[in-house]
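Single-letter residue listing:
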Amino acid sequence: MIEPNNSIPFNKPFIVGKELHYISQAVLRGRLAGNGYFSKKCEYWMQEAFKANRVLLTTSGTAALEMAAILANLEDGDEVILPSYTFVSTANAFLRCGANLKFVDIRPDTLNMDETLLEDLITKRTKVIVPVHYAGVACEMKTIMDIASRHGILVVEDAAQAVHARYKDDFLGTIGDLGAYSFHETKNFICGEGGALVINNKIFLERAEIIHEKGTNRSKFFRGEVSKYTWVDEGSSFLPSEIISAFLYAQLEEADKITSKREAIYRYYYKALKPLSQKGYIQLPHCPEGSKHNGHMFYIILEKSKHDRDHFISHMNRSGIHAVFHYVPLHTSPMGRTFWNTNQRLKVTEDISQRLIRLPCYYELTRDDQDKVIEKINSYFSNSWQRSLHREASLSGAESC
Ligand SMILES: *Cc1c(COP(=O)(O)O)cnc(C)c1O
């Protein structure tokens, strides 16, 4: 589809500085396979900036979650607790390793896993809890870590959306035993497709390197710790090429600039839409005291039914503004229904998933474009909302006769 020139996309990949220069440097260095100069630069950068024990670049956030699932050493029937309101990869990574998935409902304020429901879901077979930091807003990590350590359960943070965001003094992804980042083109720092595994618990360091290098001890060999390299464990090709890492490194170098820009976009939407939330038309995102989000996403939650959302999205689309919704809760999806008893409802997840709308949010989004989005939202509520209020008023009028 050819977009009209004045349309505002939902997302737009961007270049912030030296991406293309670094790609040509990678070529000139004469080595494009993974685990080279730029891959190491990215890994060291994150280890320093996020105070992470060890970071391994991967081909995607999905691949990082898959590595975490392999490291968790699950046996058939072991249980993994995760939200249903998340991207499919959070679930797939563990499902592929034979896990029994236990979905937990979300909190209505942050849309993150409701930590108060965890204890009731834990059984002798629970091996992993997977907090997903939705929209780059931190889950209640202190409570989650306390519960996990009391029961001897691993914590794998799905921090795909939360790179550079914080829970108190800690960067997200560095708190659990393992963390997963994504650099997909829709995330904050991008390289097309890419990700990273953050290894916080030292017991996973050695095996993570092996799984990362196709099940061989190649990393040890290059450090001179073994005299030849060979097949020692299961693994796959989880490492991205130097072309990808070179692009990513240029973005990481500008992390502060990228994050401040996104935070400014978030604040601008928030301030402009506050009056609509005060009137009770919409709910705005919430970031708990002490946490710092990374401006990954700006969403609004309509106060009424699903019908309103389709109507709202087509109202925006008609002016070339691409607002979108997500997620279809995993427990109600065709795949989820193969193992989830549909009588087991997740009330907040089901409710929110029908009312949430994501607004255009990307590094190059201009104030002018944000103003257009805001103006269209306001016009929706001043026209359509008023019409429906009139309708309700006349209906209730009929009832009282
Ligand atoms: C984007 C995302 C992933 C997957 O990352 P990819 O790099 O696209 O594989 C996993 N979990 C969540 C919550 C995400 O938003």
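Residues numbered from 1 in each chain as written. Predicted model: local features only at pLDDT ≥ 70, side-chain atom pairs only at ≥ 80, totals over all residues. Heavy atoms only, no water.

**A short note on the overall build of the protein**
Alright, step 1. Scanning the protein from N- to C-terminus turns up 14 helices and 13 strands.
Alright, step 2. Against the compact-globule benchmark of 21 Å for 401 residues, the protein has a radius of gyration of 23 Å, which places it among compact chains.
Alright, step 3. Its C-alpha atoms give the protein principal-axis dimensions of roughly 90 × 55 × 40 Å.
Alright, step 4. Expressed as a percentage of the 401 residues in the protein, the buried residues total 54%. (Helix = DSSP H or I, 4+ residues; strand = E, 2+ residues; numbered from the N terminus. Rg over C-alpha atoms; globule rule 2.2 N^0.38 Å. Buried < 20%, exposed > 50% of the residue type's maximum accessible area, 1.4 Å probe, protein only.)

**Quick notes on the site of the ligand**
Alright, step 1. The environment of the ligand is made up of 15 residues, and the closest members are G61, T62, D158, S182 and K187.
Alright, step 2. In this structure, G61 approaches the ligand through a main-chain N or O atom, which is 2.7 Å from an oxygen atom.
Alright, step 3. Within the contact set of the ligand, a nitrogen atom lies 2.8 Å away from a side-chain nitrogen or oxygen of D158.
Alright, step 4. When the free accessible area of the ligand is taken as 380 Å², the share hidden by the protein chains comes to 94%.
Alright, step 5. Considering every element that reaches the shell around the ligand, the biggest residue donor is helix α3 (residues 61-71), with three residues.
Alright, step 6. Here the shell around the ligand is built from residues that sort into four nonpolar, nine polar and two charged. (Near = heavy atom within 4 Å. Polar contact = N/O pair within 3.5 Å; in protein donor to acceptor, adjacent residues only side chain to side chain. Areas by Shrake-Rupley, 256 points an atom, 1.4 Å probe, with all protein chains shown as cover. Nonpolar A, V, L, I, M, F, W, Y, C, P; charged D, E, K, R; others polar.)

**Comments concerning the nonpolar core**
Alright, step 1. Judged by nonpolar contacts, the single largest core of 50 residues is most densely connected at M46, Y181 and F183.
Alright, step 2. Listing elements by their share of this core, those giving two or more residues are α1 (19-28), α2 (37-49), β1 (54-58), α6 (141-151), β9 (195-199), α9 (242-253) and α10 (255-278).
Alright, step 3. When residues in this core are grouped by element, the largest group, six residues, is from α9.
Alright, step 4. Dropping the residues within four chain positions of it, M46 is found in contact with K51, A52, V55, L57, Y181, F183, A196 and L252.
Alright, step 5. If you look at the next biggest cluster of nonpolar residues, it comprises 34 residues, including A64, L65, A91 and F103. (Core = buried A, V, L, I, M, F, W, Y, C linked by side-chain atoms within 4.5 Å. Contact = heavy atoms within 4.5 Å.)

**Some details on the UniProt feature "active site" (unreviewed entry) in the protein**
Alright, step 1. The sites that carry the UniProt feature "active site" (unreviewed entry) are, in the present numbering, K187.
Alright, step 2. With respect to the helices, strands and loops of the structure, K187 is situated in the loop between β8 (178-182) and β9.
Alright, step 3. Residue classification places K187 among the buried positions, given a relative accessible area of 16%.
Alright, step 4. Ignoring anything within four residues of it in the chain, the contact list for K187 reads A160, Q161, S182, R262 and H296. (UniProt positions renumbered as here; feature names shortened; annotations may be inferred.)

**Points about the packing of α3 against helix α4 (residues 88-95)**
Alright, step 1. Following both chains from N to C, one finds α3 and α4 inclined at 35 degrees, their axes separated by 8 Å at the closest point. In terms of crossing hand, the pair formed by α3 and α4 is right-handed. Facing α3, whose interface residues are T62, L65, E66 and A69, α4 presents S89, T90, A93 and F94.
Alright, step 2. Of the residues that constitute the contact of α3 with α4, the class distribution is four nonpolar, three polar and one charged. (Axes fitted to C-alpha atoms, helices over the stretch in contact; angles between N-to-C directions. Left-handed = near helix turned anticlockwise from the far one by under 90°.)

**Here we look at the packing of α3 against helix α7 (residues 205-212)**
Alright, step 1. At a minimum axis separation of 10 Å, α3 and α7 run at an interaxial angle of 125 degrees. Overall, the two elements α3 and α7 adopt an arrangement that is oblique. As α3 runs across α7, the sense of the crossing is right-handed. Note on element contacts: α7 touches α3 through R207, A208, I211 and H212, opposite M67, I70 and L71.
Alright, step 2. Counted by class, the contact of α3 with α7 contains five nonpolar, one polar and one charged residues. (Parallel < 35°, antiparallel > 145°, perpendicular 65-115°, else oblique.)

**Section: the domain arrangement of the protein**
Alright, step 1. By the assigned domains, the protein splits into domain 1 (19-254) and domain 2 (256-400).
Alright, step 2. For domain 1 and domain 2, the distance between their C-alpha centroids amounts to 29 Å.
Alright, step 3. Between domain 1 and domain 2, the residue contacts involve 38 residues of the former and 34 residues of the latter.
Alright, step 4. Three residues stand out in domain 1 for area buried against domain 2, namely Y85, F103 and N188, and they jointly supply 20% of the buried area on that side.
Alright, step 5. Connecting domain 1 to domain 2 are zero salt bridges. (Domains from an automatic or database assignment. Buried area = accessible area lost by both parts, 1.4 Å probe. Salt bridge = Lys/Arg side-chain N within 4 Å of Asp/Glu carboxyl O.)

**Looking at the pattern of salt bridges**
Alright, step 1. For the coordinates displayed, the defined rule picks out 22 salt bridges.
Alright, step 2. Between R207 and D233 there is a salt bridge; the shortest N-O distance is 2.6 Å. With a gap of 26 residues between them, R207 in helix α7 and D233 in the loop between α8 (218-222) and α9 connect regions that are remote in the sequence.
Alright, step 3. Overall, D233 belongs to the partly exposed group, its relative accessible area being 23%.
Alright, step 4. Measuring nitrogen to oxygen at the nearest pair gives 3.8 Å for the salt bridge that ties E213 to K214.
Alright, step 5. Using a relative accessible area of 42% as the deciding quantity, one classes K214 as partly exposed.

**Side note on the pairing of β8**
Alright, step 1. Of all five residues in β8, five are buried; the element is thus mostly enclosed.
Alright, step 2. Residues of β8 alternate between two faces, with L178, A180 and S182 on one and G179 and Y181 on the opposite face, all of them buried.
Alright, step 3. Bridging between strand β5 (residues 154-158) and β8 involves three bridges; their strand directions are parallel. Looking at β8, one finds that V156 is bridged to L178.
Alright, step 4. Bridge analysis of β8 against β9 gives five bridges, and the strand direction is antiparallel. Counterpart to A180 in the pairing with β9 is L197. (Pairing = 2+ DSSP bridges.)

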